[in-house]
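Here are the chains, one letter per residue:
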Amino acid sequence: GQWGEDMFMDQCLHKVLEVKPRPTDDKLMCESHCDCPSWYWCNEGPDMVSYHPFKSIESYKNCMANALGGSASVASAVMKKK
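Residues numbered from 1 in each chain as written. Predicted model: local features only at pLDDT ≥ 70, side-chain atom pairs only at ≥ 80, totals over all residues. Heavy atoms only, no water.

Remarks on the packing of aromatic side chains
Next, step 1: A full pass over the atoms with the stated rule returns 4 aromatic pairs.
Next, step 2: Consider the rings of W39 and Y40, whose centres lie 5.7 Å apart with planes at 90 degrees: the pair is edge-to-face.
Next, step 3: The partly exposed category is assigned to Y40, whose relative accessible area is 44%.
Next, step 4: Through pairs of rings, three or more aromatic residues link up here, namely W39, Y40, W41 and F54. (Phe/Tyr/Trp six-rings, centres within 6.5 Å; stacked < 30°, edge-to-face > 60°. Buried < 20%, exposed > 50% of the residue type's maximum accessible area, 1.4 Å probe, protein only.)

This is the structure we're talking about:
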């Protein structure tokens, strides 16, 4: 299968750049394949840097709204400013 950006970065750091041990920080990313059971709800707290993976715009907007503590319309407004 094809690699996503997360697998690409992992393999690049580990095999090409030989970064060992793998650098980890629990607050950098909350995702389905790591120890972050509520990743889908995007409500791990204000110090969580990112949530992954969201494959549709609507699911990303919902995640952003939850992370910001607002509605999907708030997330849409934030996305439009960038």
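Overview of a nonpolar patch on the surface
Next, step 1: On the surface, W3, M7, F8, M9, L13, V16 and L17 cluster together to form a nonpolar patch covering roughly 730 Å² of accessible area.
Next, step 2: Looking at the element boundaries, M9 is found in helix α1 (residues 5–16).
Next, step 3: Residue M9 is classed as partly exposed on the basis of its relative accessible area, which comes to 45%. (Patch = residues over 30% accessible without salt bridge, like charges linked within 9 Å, V, L, I, M, F, W, Y side chains within 5 Å. Areas by Shrake-Rupley, 256 points an atom, 1.4 Å probe, with all protein chains shown as cover. Salt bridge = Lys/Arg side-chain N within 4 Å of Asp/Glu carboxyl O. Helix = DSSP H or I, 4+ residues; strand = E, 2+ residues; numbered from the N terminus.)

Focus: the state of the cysteines
Think of a disulfide as a covalent bridge from one cysteine sulfur atom to another cysteine sulfur atom.
Next, step 1: Under the defined criterion, the tally for this structure stands at 2 disulfides.
Next, step 2: The partner cysteine of C30 in its disulfide is C36, sulfur to sulfur 1.7 Å. Across the disulfide from C30 to C36, rotation about the S-S bond amounts to roughly -80 degrees, and the bridge is consequently left-handed.
Next, step 3: Counting its disulfide-bonded cysteines in sequence order, the protein chain shows a connectivity of 1-2, 3-4. (Disulfide = S-S within 2.5 Å.)

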